[in-house]
Amino acid sequence: MKKNIGFVSLDASLVRWLQEHLHTVAPNMAAAQDLQEGLEDLASGKIHSLMLELGEEDTFPVPLPVVELRCGELVIDPKARSVWRSGHEVSLTPKEFDILYFLARNRGEVFTKEQIYQAVWEGDYMLDDSNIMAFIRKLRKKIEPNPDAPEYIQTIWGIGYRFNGQI
């Protein structure tokens, strides 16, 4: 049987994130424990790559349809890549939309500027804290009723940002 093999390069922050979530989400699953051990070996340098395979009896669930996110007066439609506030469309650049959608679909979670950068930018891009801050500032001007007292994108001093919109 011919196998299709893909390669994904993991950075240390993603390995840590996977380890944390495996520990909390599936602590008693044998496959999760095996993956946890593999990630530990990878992180410690014992191994340099890790191969994963889906069991033949396992199938992935049908993906859920992408639905719009509603947060108070803010509506984010990922299919149309549009944002509406109080019934009026908000014009966003592609990166502004990507940042807003990333934060909104992970509402309540705090992200560093570097995590936002890694989630939104593909390929090589010069990480610059002031660049992320500028995008957040522009987003707030466009979506917040009062950008100086933001309701949606909140700054968590010394850490980063969180989307705090209520459903």
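Structure first, text after, so check above.
Residues numbered from 1 in each chain as written. Predicted model: local features only at pLDDT ≥ 70, side-chain atom pairs only at ≥ 80, totals over all residues. Heavy atoms only, no water.

1. Some remarks on the packing of aromatic side chains
Right, on to step 1. All told, the structure shown has 5 aromatic pairs when counted by the stated rule.
Right, on to step 2. Aromatic side chains Phe97 and Tyr101 sit 5.9 Å apart centroid to centroid with 15° between the ring planes, which places their arrangement in the stacked category. Taken as a pair, Phe97 and Tyr101 lie in helix H3 (residues 94–105) at a separation of 4 residues, close to a single helical turn. By the burial criterion, Phe97 is buried, and Tyr101 matches it.
Right, on to step 3. An aromatic cluster of at least three residues, connected via ring pairs, comprises Tyr117, Trp121 and Phe135. (Phe/Tyr/Trp six-rings, centres within 6.5 Å; stacked < 30°, edge-to-face > 60°. Helix = DSSP H or I, 4+ residues; strand = E, 2+ residues; numbered from the N terminus. Buried < 20%, exposed > 50% of the residue type's maximum accessible area, 1.4 Å probe, protein only.)

2. Details of the pairing of strand S3 (residues 82–85)
Right, on to step 1. Where strand S2 (residues 74–77) lies against S3, 4 bridges are found, and the strand directions are antiparallel. Within S3, the position partnered with Asp77 by the bridge is Ser82.
Right, on to step 2. Between S2 and S3, which follow one another and run antiparallel, lie 4 residues, and Arg81 among them has a positive phi close to 50°.
Right, on to step 3. Taken together, S3 and the strand that follows it, strand S4 (residues 88–90), pair antiparallel across an intervening segment of 2 residues, in which Ser86 is found at a positive phi of about 55°. (Pairing = 2+ DSSP bridges.)

3. Examining helix H4 (residues 113–120)
Right, on to step 1. Every buried residue of H4 is accounted for by Ile116, Tyr117 and Val120. What you see down the axis of H4 is that its buried residues fit within an arc of 100°, all on one side. (Arc of directions from axis to C-beta.)

4. Observations concerning unusual backbone geometry
Right, on to step 1. Of note, the phi angle at Arg81 is positive, near 50°, even though the residue is not glycine.
Right, on to step 2. Relative to the assigned elements, Arg81 resides in the loop between S2 and S3.
Right, on to step 3. Unlike most non-glycine residues, Ser86 shows phi in positive territory, near 55°.
Right, on to step 4. Positionally, Ser86 belongs in the loop between S3 and S4.

5. Here we look at the pattern of salt bridges
Right, on to step 1. In this structure the tally under the stated criterion is 4 salt bridges.
Right, on to step 2. In this structure, Lys95 engages Asp98 in a salt bridge whose closest nitrogen and oxygen atoms are separated by 4.0 Å. Of the two residues, Lys95 and Asp98 both sit in helix H3, 3 residues apart, roughly one turn of that helix.
Right, on to step 3. Relative accessible area serves as the criterion here: at 23%, Asp98 is assigned to the partly exposed category. (Salt bridge = Lys/Arg side-chain N within 4 Å of Asp/Glu carboxyl O.)

6. Considerations on the sheet that holds S4
Right, on to step 1. Read across the open sheet, the 4 strands follow the order S1-S2-S3-S4; overall the sheet is antiparallel. Two strands bound the open sheet, and with one partner strand each, they are strand S1 (69–71) and S4. Between one strand axis and the next, the sheet turns through 25° on average, direction left out of account.
Right, on to step 2. Sheet analysis places S1 next to S2, joined by 3 bridges and oriented antiparallel. Its bridge partner lying in S2, Cys71 is registered against Leu74.
Right, on to step 3. Along the sheet, H3 makes contact with S1, S2 and S3, crossing S2 at roughly 110°. (Axes fitted to C-alpha atoms, helices over the stretch in contact; angles between N-to-C directions. Contact = heavy atoms within 4.5 Å.)

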